[in-house]
Amino acid sequence: MSEPAGAQRRKIVLRPARPADVRNIYELVRPYADRRILIAKDLIAYFEDVQEFTVAEEVSADTGGATDLVGCGALHVMWDDIAEVRTLAVRRDRLHHGIGAALLGELLERARALSLRRVFCLTFEVDFFAAHGFRPIQGAPVGMDVFAEMVRSHDDGVAEFLDLARVKPNTLGNSRMLLEL
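### Looking at helix α3 (residues 99-113)
Between its first and last C-alpha atoms α3 spans 21 Å; for 15 residues at 1.5 Å apiece the expected length is 21 Å, and the two agree. Within α3, the full set of buried residues consists of I99, G100, L103, L104, L107, L108 and A111. A positive backbone phi angle near 60° is found at S115, which sits one or two residues after α3.

Written out as structure tokens, the structure reads:
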């Protein structure tokens, strides 16, 4: 199958998100949230968490280097040894081009740079995450002392991680997975 004209002139660049990207991240995630694949969040939540995000930009030589946001993902630190991959999304017309894998790889590198030992995710894309070393889990993979601290969080993602009764069945009905780094 041949690539579309100009396809070889496109380059994907990963970089930390900036506040100027937030509205584009929101719009990128919205179709997934509308289908209950990702958790719907208010725009303000993305501004508050912008420093957690990495974005994928497509740079096109055909348009003088213009960029287009085609993917995003966030790494949310939950405790001293664990973080969650959140809001991993790729624009539908760019699925199956390696962008999600590149974003996940970048987020895992950030986790390693922070000396984290485990990364958690909630996902419908079990095969994708399994191919990157994640495995399904049951229950909360933390000790009671950490559980007692984490249960104080108001974050729904932390509640999902802890497998709390208030989120059962979990918000979206997705799988809980963990990767040991």
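Now that the structure has been shown, the text picks up again.
### Some remarks on the pairing of strand β3 (residues 66-79)
As paired strands, strand β2 (residues 53-60) and β3 are joined by eight bridges and run antiparallel to one another. Each bridged residue has a counterpart across the sheet, and for V55 the counterpart in β3 is C72. The pairing of β3 with strand β4 (residues 82-90) spans seven bridges and is classified as antiparallel. From the neighbouring strand, G71 faces β4, where its bridge partner is V90. In this structure, the hairpin formed by β3 and β4 is closed by a connection of two residues.

### Quick notes on the pattern of salt bridges
Tallying each qualifying case throughout the model produces twelve salt bridges. Where R94 meets E58, a salt bridge forms, and the shortest distance between an N and an O atom there is 2.9 Å. Residue R94 is located in the loop between β4 and α3, and its partner E58 is located in strand β2; the two are separated by 36 residues in the primary sequence. On the basis of relative accessible area, E58 is assigned to the buried category, the value being 10%.

### Looking at the sheet that holds β2
With mixed pairing, the seven strands of this open sheet are ordered in space as β1-β2-β3-β4-β5-β7-β6. Sheet topology places β1 (10-16) and β6 (135-136) at the edges, where each strand pairs with a single neighbour. As paired elements, strand β5 (residues 118-123) and strand β7 (residues 175-180) share six bridges and run antiparallel to each other. Looking across to β7, one finds that F120 is bridged to L178. The sheet contacts of α3 involve β1, β2, β3, β4, β5 and β7, and relative to β3 the element is tilted by about 40°.

### Examining the environment of E109
Along the polypeptide, E109 turns up in helix α3. With 72 residues separating them in the primary sequence, E109 and L181 have C-alpha atoms 9.7 Å apart.

### Quick notes on the packing of aromatic side chains
Counted by the stated rule, this structure contains four aromatic pairs. For the ring pair Y26 and Y46, a centre distance of 5.9 Å and an interplane angle of 80° mean the geometry is edge-to-face. In this pair, Y26 sits in helix α1 (residues 22-34) while Y46 sits in helix α2 (residues 43-48), placing the two residues 20 residues apart along the sequence. Overall, Y26 belongs to the partly exposed group, its relative accessible area being 25%. Note on F129 and F134: the rings are 5.1 Å apart at their centroids and 85° apart in plane angle, and the pair reads as edge-to-face. Joined through ring pairs, the aromatic side chains of Y26, Y46 and F53 make up one cluster.

### Examining the side chain of E57
The topology assignment puts E57 in strand β2. Reaching out from E57, the side chain makes a polar contact with the side chain of T67 at a distance of 3.4 Å. Setting aside residues up to four positions removed in sequence, E57 forms contacts with K11, I12, V13, R15, T67, D68, L69 and V70.

### Here's the deal with the layout of surface pockets
For the largest pocket, the calculated volume is near 890 Å³. In this structure, the largest pocket is lined by 40 residues; those nearest its centre are L38, L88, A89, T123 and E125. Listed by contribution, the elements that provide at least two residues to the lining of the largest pocket are α1, α2, β4, α3, β5, α4 (126-131) and α6 (156-162). In terms of residue count, β4 provides more of the lining of the largest pocket than any other element does, seven residues in total. Partitioned by chemical class, the residues of the lining of the largest pocket number 20 nonpolar, nine polar and eleven charged.

Rules used throughout
- Residues numbered from 1 in each chain as written.
- Predicted model: local features only at pLDDT ≥ 70, side-chain atom pairs only at ≥ 80, totals over all residues.
- Heavy atoms only, no water.
- Helix = DSSP H or I, 4+ residues; strand = E, 2+ residues; numbered from the N terminus.
- Expected span 1.5 Å × (residues − 1).
- Buried < 20%, exposed > 50% of the residue type's maximum accessible area, 1.4 Å probe, protein only.
- Pairing = 2+ DSSP bridges.
- Salt bridge = Lys/Arg side-chain N within 4 Å of Asp/Glu carboxyl O.
- Contact = heavy atoms within 4.5 Å.
- Axes fitted to C-alpha atoms, helices over the stretch in contact; angles between N-to-C directions.
- Phe/Tyr/Trp six-rings, centres within 6.5 Å; stacked < 30°, edge-to-face > 60°.
- Polar contact = N/O pair within 3.5 Å; in protein donor to acceptor, adjacent residues only side chain to side chain.
- 1 Å grid on protein atoms, 1.4 Å probe; cavity = no way out; pocket = protein on both sides within 12 Å on 5 of 7 lines; lining within 4 Å.
- Points joined across faces, edges and corners; volume = space filled by probe spheres on them.
- Nonpolar A, V, L, I, M, F, W, Y, C, P; charged D, E, K, R; others polar.

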